[in-house]
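Structural characterization, general
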Amino acid sequence: MIVAGVARRPSTLVAVGLLGGFAAAQLTGIRPLGALIFAAAGAAAVPGFLRSVGRARTAALGGTYVAALVGSHPLAHLIGTWPAVLTVTAAMAGVSEVALRSQPDRPRLAGGITR
C-alpha cells in the first residue's frame, strides 16, 4: 500500500515530528507534549536513515532536524508561527529526501547491517 510505504519513509517521519509536535503543543497548550512527539518521530526516523545513509549522514540529519525546530522560533517572529513551521518542515523533508536519494544502495551484511 502506498500510504504505508510513505509512512515508513524517514522524511515523512521528520515532517510528522515538526508539524505534529507543533500542532499538539499549539492545540493543547502543553509544550512538553509537542516535544515528545518531535522526539518520538525523530527517534522513529533514525533506523530508516541509518539503513539508507549511514551513521555520519544520520547524525548530520539529526542535527539538521533539531536546528529546524530551533530555527523555527526566530523565523516565527518574522513570518508567523504556522508559516515558520511549514517552512522548516518543507526544508527538512527536502534535505532528507535529497540525502536519501543521493545515496546509492548500501551493501547489506547478514541481519540487514550495512557496511
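This text goes with the structure placed above it.
A brief structural summary. (Residues numbered from 1 in each chain as written. Predicted model: local features only at pLDDT ≥ 70, side-chain atom pairs only at ≥ 80, totals over all residues. Heavy atoms only, no water.)

By size, the foremost hydrophobic cluster in this structure holds 15 residues, and its most contacted members are Val14, Leu18, Phe49, Val53, Leu61, Tyr65 and Met92. Among the elements that line this core, the one with the most residues is helix H3 (residues 31-79), at 8 residues. With near-sequence residues (within four places) excluded, Tyr65 lies in contact with Val14, Gly17, Leu18, Phe38, Ala41, Gly42 and Met92. (Core = buried A, V, L, I, M, F, W, Y, C linked by side-chain atoms within 4.5 Å. Buried < 20%, exposed > 50% of the residue type's maximum accessible area, 1.4 Å probe, protein only. Helix = DSSP H or I, 4+ residues; strand = E, 2+ residues; numbered from the N terminus. Contact = heavy atoms within 4.5 Å.)

Attention now moves to the packing of helix H2 (residues 10-28) against helix H4 (residues 81-102). Where H2 meets H4, the axes come as close as 8 Å, and the angle between the chain directions of the two elements is 165°. Here H4 runs roughly antiparallel to H2, going by the angle between their axes. Read as a crossing pair, H2 and H4 show a hand that is right-handed. Mapping the contact onto sequence places Pro10, Ser11, Val14, Ala15, Leu18, Leu19, Phe22 and Ala23 in H2 and Thr81, Trp82, Val85, Leu86, Val88, Thr89, Met92, Ala93, Ser96, Glu97 and Leu100 in H4. Broken down by class, the residue content of the contact of H2 with H4 amounts to 14 nonpolar, 4 polar and 1 charged. (Axes fitted to C-alpha atoms, helices over the stretch in contact; angles between N-to-C directions. Parallel < 35°, antiparallel > 145°, perpendicular 65-115°, else oblique. Left-handed = near helix turned anticlockwise from the far one by under 90°. Nonpolar A, V, L, I, M, F, W, Y, C, P; charged D, E, K, R; others polar.)

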